[in-house]
Amino acid sequence: MNEKYGIILYYFQFQFRRWNRHLIEFGIIPWIAYLLLIAAFVIISYIIFQRVEHAQYLYSAIAIFYMYSQQDNAKSRFMESLFSITDLYLVKVFENLSIAFAFAIFLIYKTHYLTAIGLMASCFFLSIKTNESNFTLKIPTPYSKFPYEFSIGFRKFYLVFAILGTVYCIGLFVENFNLSLVCILLIHFVFMSFYSDKEPKEIVWLHHHSPKDFLLYKIKVAFIYTFSSTIIFLVALCFFFPIDMKIAILLYFLTFFYIVLFILMKYAVFPRVINLPTGIIFFGSILFPPILLLLIPMYYSKSIQK
């Protein structure tokens, strides 16, 4: 028994050393990175609860989305060769708990006890779902005409879309404009995350476009699928909150520029994945949107050269 838990403990120690190694490779001192991460988490959490009514629902949805995004079928299959079913379940539970715990602590600080309990309980559900590798659920999607990112991404994050859609409807029901608007914007950022995976080089080689046409093709597909999937949510939001229509439309279309920037960043470093410095630049553009006017042309040029 002690040997079994020793293997599980070694797995988490290995992951911790692996993260530290990546941070050092990027030229960042690990303990400074962790302090900055904690500070950013607390500040962003305060902002969410100050700006959004009934923020506990949105906050929990963000936590569940992050836990869900950490699921990787290839990683799960590899871990199945290392651990027994019971040990694999324990590893998944502790991985999810490590994410949910920080969110739950802040929810408890804000006196949302039941929401915190529900969030912690979701760790066990997600762990069980991840562990059922032999079960395949076939979900039809409207994204098959231009496959890869959206076809795979939708099947991976369908539960997240269901949660965000539910929270969006709750926002309309309780007449909370900010809550519903943030859900729409988060859906856009989930769509954007579809492009975070490194596609096989063979998928890119299949295209006969020039570099310019290839990038425009990727951006066009992202715009069409994102717009057609969420425009009904924007229309409904404007109908229920006509006074705030302008801010809703502005932020709705602003997120499209972030999707464009993220796609350009991906192919500016392809076939490598987006590294930490590039991610920091992207996060900075969210804090200061006018810099998009500089970053989009710059990364477009880098993508063409790459």
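Keep in mind it's a predicted model, so treat the numbers as computed, not measured. Counting starts from 1 at the beginning of each chain's written sequence and moves along it residue by residue. Local features in this predicted model are restricted to residues of pLDDT 70 or higher, and side-chain atom pairs are both shown and tallied only at a pLDDT of 80 or more, whereas totals for entire chains, interfaces and linings draw on every residue. Side-chain descriptors were evaluated using all non-hydrogen atoms of the structure, hydrogens and water having been removed beforehand.

*Asks:* Please clarify how the packing of helix 2 (residues 30–51) against helix 5 (residues 85–109) should be interpreted in this entry.
*Replies:* For any two helices packed against each other, one specifies the inter-axial angle together with the distance between the axes. Following both chains from N to C, one finds helix 2 and helix 5 inclined at 45 degrees, their axes separated by 11 Å at the closest point. Classified by the angle their axes make, helix 2 and helix 5 are oblique. As helix 2 packs across helix 5, the resulting crossing turns out to be right-handed. Within the contact between the two elements, helix 2 uses Phe-41, Val-42, Ser-45, Tyr-46 and Phe-49 and helix 5 uses Ala-102, Phe-103, Phe-106, Leu-107 and Tyr-109. Residues were grouped as follows: Ala, Val, Leu, Ile, Met, Phe, Trp, Tyr, Cys and Pro as nonpolar; Asp, Glu, Lys and Arg as charged; and all remaining residues, including Gly, as polar. For the contact of helix 2 with helix 5, the residue count by class is nine nonpolar, one polar and no charged. Under this scheme, a helix contributes an axis fitted over its contacting stretch, all axes are lines through C-alpha atoms, and angles between N-to-C directions fall in the 0 to 180 degree range. A run of H or I in DSSP becomes a helix once it reaches four residues, and a run of E becomes a strand once it reaches two; helices and strands are each numbered from the N terminus. Orientation categories follow fixed angle ranges, with anything under 35 degrees roughly parallel, anything over 145 roughly antiparallel, 65 to 115 roughly perpendicular, and all other angles oblique. By definition, any crossing whose near helix is turned counterclockwise from its far helix by less than a right angle is left-handed, and any crossing with a clockwise turn is right-handed. Two residues qualify as a contact provided that any one of their heavy atoms is within 4.5 Å of a heavy atom in the partner residue.

*Asks:* Would you explain helix 7 (residues 149–173) in this entry?
*Replies:* For an α-helix, the turn length of 3.6 residues means that residues three or four places apart are oriented alike. At Phe-157, helix 7 shows its maximal kink, close to 65 degrees. Just downstream of helix 7 lies Glu-175, where phi reads positive at about 60 degrees. Note on bend: the value at a residue is the angle between axes fitted to the seven residues ending there and to the seven starting there.

*Asks:* Help me out: how do you make sense of the packing of helix 11 (residues 245–269) against helix 13 (residues 292–305) in this one?
*Replies:* For the pair helix 11 and helix 13, the least separation of the axes is 8 Å and the interaxial angle reads 30 degrees. Judged by the inter-axis angle, helix 11 sits roughly parallel to helix 13. The chirality of how helix 11 crosses helix 13 is left-handed. Taking contact as the criterion, the partners of Leu-254, Phe-257, Tyr-258, Val-260, Leu-261, Leu-264, Met-265, Tyr-267 and Ala-268 in helix 11 are, on helix 13, Leu-292, Leu-295, Ile-296, Tyr-299, Tyr-300, Lys-302 and Ser-303. For the contact of helix 11 with helix 13, a count of residues per class yields 14 nonpolar, one polar and one charged.

*Asks:* Help me understand a nonpolar patch on the surface, please; the structure alone is not making it clear to me.
*Replies:* Patch membership requires more than 30% relative accessible area and the absence of a salt bridge. Residues of like charge join within 9 Å; the nonpolar side chains Val, Leu, Ile, Met, Phe, Trp and Tyr join within 5 Å. The Shrake-Rupley method, run with a 1.4 Å probe, gives the accessible areas here. Residue values count only the displayed protein chains as cover. Salt bridge, as used here: a side-chain nitrogen of Lys or Arg that lies within 4 Å of a carboxyl oxygen of Asp or Glu. A cluster of nonpolar side chains, Ile-29, Trp-31, Ile-32, Leu-35 and Leu-36, forms an exposed patch at the surface whose accessible area comes to about 520 Å². Structurally, Leu-35 can be placed in helix 2.

*Asks:* Would you mind showing me how to read the nonpolar core here?
*Replies:* Proteins that are soluble and globular tend to have nonpolar side chains buried together. What makes a nonpolar core is a set of buried Ala, Val, Leu, Ile, Met, Phe, Trp, Tyr and Cys residues whose side-chain atoms join them at distances within 4.5 Å. Relative accessible area decides the class of each residue, using a 1.4 Å probe on protein chains only: under 20% of the type maximum gives buried, over 50% gives exposed, and in between gives partly exposed. Counting residues in each nonpolar core, the largest one holds 72 residues, and the members touching the most others are Met-67, Leu-119, Phe-161, Phe-194, Leu-237 and Leu-261. When residues of this core are assigned to their parent elements, the largest contribution, 13 residues, is made by helix 11. Those residues within four positions of Leu-261 in sequence are excluded, and the remaining contacts are Phe-282, Ser-285, Leu-292, Leu-295, Ile-296 and Tyr-299.

*Asks:* Before we go on, may I ask you to explain the packing of aromatic side chains in this structure?
*Replies:* Each pair of aromatic rings is reported with the distance of its centres and the angle of its planes. Any two of the Phe, Tyr and Trp rings considered here, Trp counted by its six-membered ring, make a pair once their centres fall within 6.5 Å; the pair's planes then place it as stacked at under 30 degrees, edge-to-face at over 60, or tilted in between. Counted under the stated rule, the structure contains 25 aromatic pairs. Ring centres of Tyr-168 and Phe-233 lie 5.0 Å apart, and the angle between their planes is 85 degrees; on these two criteria the pair is classed as edge-to-face. Taken together, the positions of Tyr-168 in helix 7 and Phe-233 in helix 10 (residues 211–240) put the pair 65 residues apart, joining distant regions of the chain. In this structure Phe-233 comes out as partly exposed when scored by relative accessible area, which is 25%. Between Phe-262 and Phe-282 the ring centres are 5.5 Å apart and the planes differ by 75 degrees, which places this aromatic pair in the edge-to-face class. Placement of Phe-262 in helix 11 and of Phe-282 in helix 12 (residues 276–287) is noted, with a sequence separation of 20 residues between them. Here Phe-262 and Phe-282 have matching classes, each one buried. Pairwise contacts between aromatic rings join Phe-41, Tyr-46, Phe-49, Tyr-59, Phe-103, Phe-106 and Tyr-109 into one cluster. Working rule: Lys NZ or Arg CZ, within 6 Å of ring centre, within 35 degrees of ring normal, means a charge sits over the ring. The aromatic ring of Tyr-299 is capped on one face by Lys-302, whose charged end is 5.0 Å from the ring centroid.

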